[in-house]
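# Understanding the architecture of this molecule
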Amino acid sequence: MKAVRIHAYGDRSVLQFEDAPKPAIAPDEALVRVVAAAVNPIDWKIRQGHLKTMVPYVFPLTLGWDFSGVIEALGSEVSGLAVGDAVFSRPDIRRDGSYAEYVAVRAVEIARKPKTISHIEAASIPLVGITAWETIVSVGNLVAGQKALIHAASGGVGSLAVQIAKSRGAHVVATTSSANIELVRSLGADQVIDYRNQRFTDKVKDVDVVVDTVGGDVQASSWSVLRRGGILVSTVSVPSIERAAALGVRSAFVLISPNAAVLDQLAGLVDAGKLRPLIGGEFALRNVADAHALSESGRTVGKIVLYVGQP
């Protein structure tokens, strides 16, 4: 099979589009023929070696941990899935990933692909979708009638968080650049703040849940807009527990794991017309270096996706 692998840590030049052996599967695993794989910042951070002290990767390493595809084979212990099922997943990042024509995945990490969108769109959802769900639902416990402030609302996590929050009946305030204001409104945001020309601290208050995907000064300023008892949930840096206690609010940091149950929930929202992914770039698998360059620029709207195989 064809795959994109790295044989050492480094810049984009270490990405090699090459032949690789088709993975073997364990009794509790599925072999999935990959149709599309998404690019996430974690991919190039791993490529650059930022996680080498946390995860002992073995080279050559296949990158990419978001995909949509079709089940090719199943291990003897797998039930509830069938060969030919269209599925999507964010699998374990400690294993070889989905920049390849085939990937071996634990069956418990797989969910059925939403029926109403393409594999390209489905591949864009898992990592950011699980992250957005965790911030809004699992940790934020956002309910109808509450107010959410979602930063970087045109990004991968932010764009889904806006829609998930809206689906739960919340009042949604979002920050983005002026170029993306109408886009973010179309996702369901009730109030959109142009962060380049407006201070969100002057425009919103009494927020129940802040979703911070930016960190730094944005996180520091977000404390002031929370109501007493509200929560600041970050996906980029751990908010100060001491600061939260002093202000009478709460804080949390979200770091996700594979979660097929959440993917099932997200698929339901997609097929109900309440969630749509944003695609900000599409590349052939062999052009993955260009996809990484775009991701590293930090200037994407939504997600970057790779074409890997035929549906």
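Residues numbered from 1 in each chain as written. Predicted model: local features only at pLDDT ≥ 70, side-chain atom pairs only at ≥ 80, totals over all residues. Heavy atoms only, no water.

## Points about the packing of aromatic side chains
Rule in force here: Here the aromatic set is Phe, Tyr and Trp, taking the six-membered ring for Trp, and pairing holds for ring centres within 6.5 Å; pairs whose planes are under 30 degrees apart are stacked, those over 60 apart are edge-to-face, and all others are tilted. Numbering of helices and strands runs from the N terminus; a helix is a DSSP stretch of H or I covering at least four residues, while a strand is a stretch of E covering at least two. Here the term buried applies to any residue with accessible area under 20% of the maximum for its type, exposed to any over 50%, and partly exposed to those in between, with areas from a 1.4 Å probe on protein chains only.
Overall, the coordinates contain 2 aromatic pairs when judged by the stated rule. An angle of 80 degrees between the planes, with centres 4.9 Å apart, marks the rings of tyrosine 9 and phenylalanine 59 as edge-to-face. Highlighted residues: tyrosine 9 in the loop between strand S1 (2-6) and strand S2 (16-19) and phenylalanine 59 in the loop between helix H1 (41-47) and strand S4 (61-62), separated in sequence by 50 residues. The class for tyrosine 9 is partly exposed, based on a relative accessible area of 25%.

## Quick look at the pairing of strand S3 (residues 29-39)
Heads up, the condition is: Pairing between strands is defined by DSSP: at least two bridges between them are needed.
In terms of burial, S3 is largely enclosed, as 10 of its 11 residues are buried. Of the strand pairs in this sheet, S3 and strand S7 (residues 102-106) are connected by 5 bridges, and their pairing is antiparallel. By the bridge assignment, leucine 31 is partnered in S7 with alanine 104. Taken together, the 7 bridges between S3 and strand S5 (residues 67-74) define a ladder with antiparallel strand orientation. Paired with alanine 30 across the bridge in S5 is leucine 74. Two elements, S3 and strand S16 (residues 303-307), share 4 bridges in a ladder whose sense is antiparallel. Across the sheet, alanine 36 pairs through a bridge with tyrosine 307, a residue of S16.

## Looking at unusual backbone geometry
Here the amide bond leading from phenylalanine 59 into proline 60 is cis, since omega sits at 0 degrees, within 30 degrees of zero. Inspection of the secondary structure puts proline 60 in the loop between H1 and S4. For asparagine 141, which is not glycine, the phi torsion reads 50 degrees and is therefore positive. Assignment of secondary structure puts asparagine 141 in the loop between helix H3 (126-139) and strand S9 (147-150). Using a relative accessible area of 47% as the deciding quantity, one classes asparagine 141 as partly exposed. Of note in the backbone geometry, aspartate 206 takes a positive phi value of approximately 55 degrees without being a glycine. Mapped onto the secondary structure, aspartate 206 falls in the loop between helix H6 (200-203) and strand S12 (207-212).

## Some thoughts on the nonpolar core
Formally: In this description, a nonpolar core means a group of buried Ala, Val, Leu, Ile, Met, Phe, Trp, Tyr and Cys residues linked to one another through side-chain atoms lying within 4.5 Å.
Counting residues in each nonpolar core, the largest one holds 46 residues, and the members touching the most others are Ile136, Ile150, Val162, Ile164 and Leu266. Of all the secondary structure elements, the ones that give two or more residues to this core are H3, S9, helix H4 (156-167), strand S10 (171-176), helix H5 (181-186), S12, strand S13 (226-234) and helix H9 (260-271). Membership of the second largest hydrophobic core comes to 34 residues, among which are Leu61, Trp65, Val105 and Leu285.

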